[in-house]
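Commentary on secondary and tertiary structure
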Amino acid sequence: MTPIKTNCPRDCYDGCGMLVEPRDGGRFRVLGDPDHPVSRGKLCSKCALAYNGVWQEPSARLLHPLKRSGPRGSGAFTQISWDEALNTVADRMTTACNTHGAQSILHTHYSGTLALLAYLFPNRLFRHLGCTEVDPDTICNAAGHTAWTLMFGSSVVGFDPRTIKDTACVLVWGANPSHSAPHAHEHWLGEAPGPVIVVDPIKTETARRATLHLQPRPGSDAALAFSLLHCLQRDGKFDRAFIADHTVGFEQVASAIASADPAWGERQTGIPAGDIERAAAWYGSGPALLWCGQGLQRQKTGGNIMRAVGLLPALTGNLGKPGAGISYLNVAPIVAGLDLDWLGGGDLARSSPPAVSHMHLAERLEASDEFQVFFIWNTNPLASAPAQHRLRRALAREDLFVVASDVFMTDSVRHADIVLPAASFLEFDDLTFSYFHLHMGSQTKIREPLGESLPNTEIFRRLAGALQLSEPALFAADSELLDALMRQWNPGFDYAELQRRGFASVSEDIFIPWSAHCFDTPSGRIEIASQQAQEMGLPPAPQPWADAPPPHGHYRLLTPASRWRLNDSYANDDNIAARSGPASVHLSPSDAEHLECQEGTRLRLHNASGELVLVATIDTDVQPGTLVSYKGRWPLLEPDAATVNHLHIPQCADMGNSTSVHSTLVEVSLA
Ligand SMILES: Nc1nc2c(c(=O)[nH]1)N[C@H]1C(S)=C(S)[C@@H](COP(=O)(O)OP(=O)(O)OC[C@H]3O[C@@H](n4cnc5c(=O)[nH]c(N)nc54)[C@H](O)[C@@H]3O)O[C@H]1N2
Ligand SMILES: Nc1nc2c(c(=O)[nH]1)N[C@H]1C(S)=C(S)[C@@H](COP(=O)(O)OP(=O)(O)OC[C@H]3O[C@@H](n4cnc5c(=O)[nH]c(N)nc54)[C@H](O)[C@@H]3O)O[C@H]1N2
Ligand SMILES: [Mo]
């Protein structure tokens, strides 16, 4: 049998093309597609291990619907039929609707799969009923989205990666592609004809490979942006005509830029003034690309930081021409023709109760009068969300009915009353995309779902049936949805042909966003100063702020993407667990000396949210005062049943009710 082309649906910038070769014993070998321009015949280490490991391991998968038969979280379950599972869920949802209203059903979902049908279709049911949603982006990137939407009118229009050949400089700010986009790190950044500058408090592998690494103190990026702007203005690199024609509010940042000389910048950020000068000279030397990662805005003032960094392209005119541009999440060009609101049932919503931020989730769930049903699908909040201990306590509420749908028995699934087993990406057809490069792909069914597991779409069609709903949109077949999406996209071929090709670029022509300089803001220009920001109680224009270094005895804990796990997926793969070792905390040699700790010493980290014991790794890539521990473990696989999100204080950023996880402060002692 010839290998079958499919695509990776994980929440990752790379969105790789893959080949699947059948092997003996009903197993498959999952490889990178040599024809795919991103994967180029190779998968990243984590996906290569997990897709050929735990994802194909029947004993690790949820194979049947289950009902709880012991205390919450104990893991005691009894196998039941799909009918019993769905009728039980439907009964409890109906009772909640009748007694407390549909808004008392809270559902949370995010990024287990980003394949369009599996990711969006289940929302139809919840929207049709009028249930409350946990706003998914509040755990990831909502501050950045709010900030750049205010400023540029969109946060999802990125540069075409192919224009890297036209650029004089690439500035990677608060992203770590060596972990979070390994193929972009390996291939794309290597294609830059000029200098690559990385701004990151950690000397990541991408920073190490860069022409220049600026290593700021965490949370000092707005000050760094103003200092770079000071140099650019002084050296005549501002584009006066662009500022006059396409921006509003420059006068509101002018004096702060004038004061932000590199010596001031060095004091605020810890970056040598000479490096600030060098970076500004390179960024100002020609068209420049700016890639802002999601780590950048997970700060208490993350919105201000994104707006301050956004001043660089706005004041130097680095937008709307080849080799210039910005990228945060590059989705708009890919899904431009697709009606994703229709796919997710936006038009079915009769009423939309206000969404709940992840920062308020534990607190809101704890109160017994508000939510009666908690429905968890495509996400694992007991691993990924803040205030882990408090959330677990909230989930222990006996009067709360908890439903969970996942591929594996995660911590969140263990806390469910009813478990609905989901099929994996090898087991159903779907459409994939990337939020960096401009390709759509087919996710092709390679084999039947393991056990009785079902694709998300089928689970929610059956649930709509059990709820005796009649809205036809809730019962749309996958083939119907895929055909409709293909018609909307209109590439000139059908889904079967896409499956044969594996993937297709959404545009053969190079895409130059904002070339017409039309910004979807109230003024139609880039809003350096924003009335809307003021109405949100924020300064109208970005401020040159830097977080103060942590107070004496405290450390700033960063918990970014791990190279071994994809969010909290893959923690249960034995090979990955062996390679990534025990949960550790990286600290600088001077902090290690101060704490009298050696390599391997057990350190106790604690703050108002919780405490956690981690193994010390002494690491010169980490600056003094900062600690790093990579995200993505499962509490149930850890010695103290806790992960870094035990320490994650649910404190909103300045915008979007979003996480400020990289602002977390901890105290440390020997365990
Ligand atoms: N400390 C700290 N915490 C963080 C972050 C951080 O930087 N630091 N980052 C945050 C970010 S950026 C994000 S996006 C979140 C992500 O948090 P999550 O959404 O919780 O993470 P994922 O691992 O992407 O997916 C969750 C689950 O979806 C399941 N799944 C996969 N495919 C399917 C499917 O087809 N159907 C169903 N029903 N389930 C499926 C997986 O098995 C997995 O258990 O975590 C956040 N948490
Ligand atoms: N291997 C792997 N890949 C992933 C994921 C994963 O968990 N593992 N998660 C996926 C998801 S959901 C997302 S959202 C993306 C996230 O991927 P990225 O956009 O790369 O974001 P993070 O990994 O959170 O953080 C990136 C960098 O920001 C830095 N950072 C932290 N604080 C600051 C600061 O104050 N200033 C600056 N300049 N930098 C700072 C961190 O040190 C880190 O190196 O990756 C996706 N890809
Ligand atoms: Mo994310």
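The following refers to the structure shown. (Residues numbered from 1 in each chain as written. Chains lettered and ligands numbered in written order. Predicted model: local features only at pLDDT ≥ 70, side-chain atom pairs only at ≥ 80, totals over all residues. Heavy atoms only, no water.)

**Some points on the packing of helix α12 (residues 262-269) against helix α13 (residues 273-283)**
Note the cut-off: Axes, fitted as lines to C-alpha atoms, cover a helix only where it is in contact. Angles between the N-to-C directions of the axes lie from 0 to 180 degrees. Going along the chain from the N terminus, every DSSP run of H or I of four or more residues is numbered as a helix, and every run of E of two or more is numbered as a strand. By definition in this entry, angles of less than 35 degrees are roughly parallel, angles greater than 145 are roughly antiparallel, angles of 65 to 115 are roughly perpendicular, and the rest are oblique. Each helix crossing is assigned a hand: it is left-handed if the near helix lies turned anticlockwise from the far helix by less than a right angle, otherwise right-handed if that turn is clockwise. Contacts are assigned to residue pairs with any non-hydrogen atoms lying within 4.5 Å of each other.
Interhelical geometry of α12 versus α13 gives an angle of 115 degrees and a closest axis separation of 8 Å. As far as their axial angle goes, α13 and α12 are roughly perpendicular. Crossing of α12 against α13: the hand is right-handed. In contact with Pro 262, Ala 263, Gly 265, Glu 266 and Thr 269 of α12, α13 contributes Ala 273, Ile 276 and Glu 277.

**Notes on the pattern of salt bridges**
For the record, the criterion: The salt bridge definition used is simple: a Lys or Arg side-chain nitrogen within 4 Å of an Asp or Glu carboxyl oxygen. Buried means the residue's accessible area, taken with a 1.4 Å probe over protein chains only, is under 20% of the maximum for its type, while exposed means over 50%, and partly exposed covers the values in between.
According to the stated counting rule, one finds 33 salt bridges in the structure shown. For Arg 633, the salt bridge is made with Glu 638, and the minimal N-O distance between the two is 3.3 Å. On the basis of relative accessible area, Arg 633 is assigned to the buried category, the value being 14%. Among the ionic contacts, a cluster of salt bridges with common partners joins Arg 68, Arg 72, Glu 398 and Asp 417.

**Considerations on the site of ligand 1**
Basically, it comes down to this: Any residue with a heavy atom positioned within 4 Å of a molecule or strand is treated as near that molecule or strand. Each polar contact in these results corresponds to two N or O atoms within 3.5 Å; when the atoms are within protein, one needs to be able to donate a hydrogen and the other to accept it, and residues that are neighboring in sequence are counted only if both atoms are side-chain atoms. Accessible areas in this description were obtained via Shrake-Rupley with a 1.4 Å probe; residue shielding takes into account the shown protein chains only. Each residue is assigned to one class: nonpolar for Ala, Val, Leu, Ile, Met, Phe, Trp, Tyr, Cys and Pro, charged for Asp, Glu, Lys and Arg, and polar for all the others, Gly among them.
Near ligand 1 there are 31 residues, and of these Ser 384, Asp 406, Asn 456, Ser 569 and Asn 645 occur at the shortest range. Thr 379 is positioned with one of its side-chain polar atoms (N or O) 3.0 Å from an oxygen atom of ligand 1. Taking Lys 631, its side chain carries an N or O atom lying 3.0 Å from a nitrogen atom of ligand 1. Starting from 920 Å² of accessible surface for ligand 1 in isolation, the protein chains cover 98%. Among the residues making up the shell around ligand 1, the classes are represented as eleven nonpolar, 14 polar and six charged.

**Remarks on empty space enclosed by the protein**
Empty space among the atoms can be located by rolling a probe the size of a water molecule over them. Let me state the cut-off plainly: Grid spacing is 1 Å over the protein atoms alone, the probe is 1.4 Å, and a cavity is where that probe fits but cannot get out, while a pocket is an open set with protein on both sides within 12 Å along at least five of seven lines and lining residues have an atom within 4 Å of a point. Grid points are joined across faces, edges and corners, and a volume is the space filled by probe spheres set on the points.
The final tally for this structure, using the stated rule, is three cavities of 30 Å³ or more. Of the voids in this model, the largest cavity is the one considered here, and its volume is about 110 Å³. Taken together, 13 residues make up the lining of the largest cavity; nearest its centre are Cys 8, Cys 12, Cys 16, Cys 44 and Cys 47. Counted by class, the lining of the largest cavity contains eight nonpolar, two polar and three charged residues. Asn 7, Gly 15, Thr 432, His 439 and Gly 441 are the residues nearest the centre of the second largest cavity, which is lined by 13 residues in total. Considering every element that reaches the lining of the second largest cavity, the biggest residue donor is strand β18 (residues 439-443), with three residues. A per-class count over the lining of the second largest cavity returns five nonpolar, eight polar and no charged.

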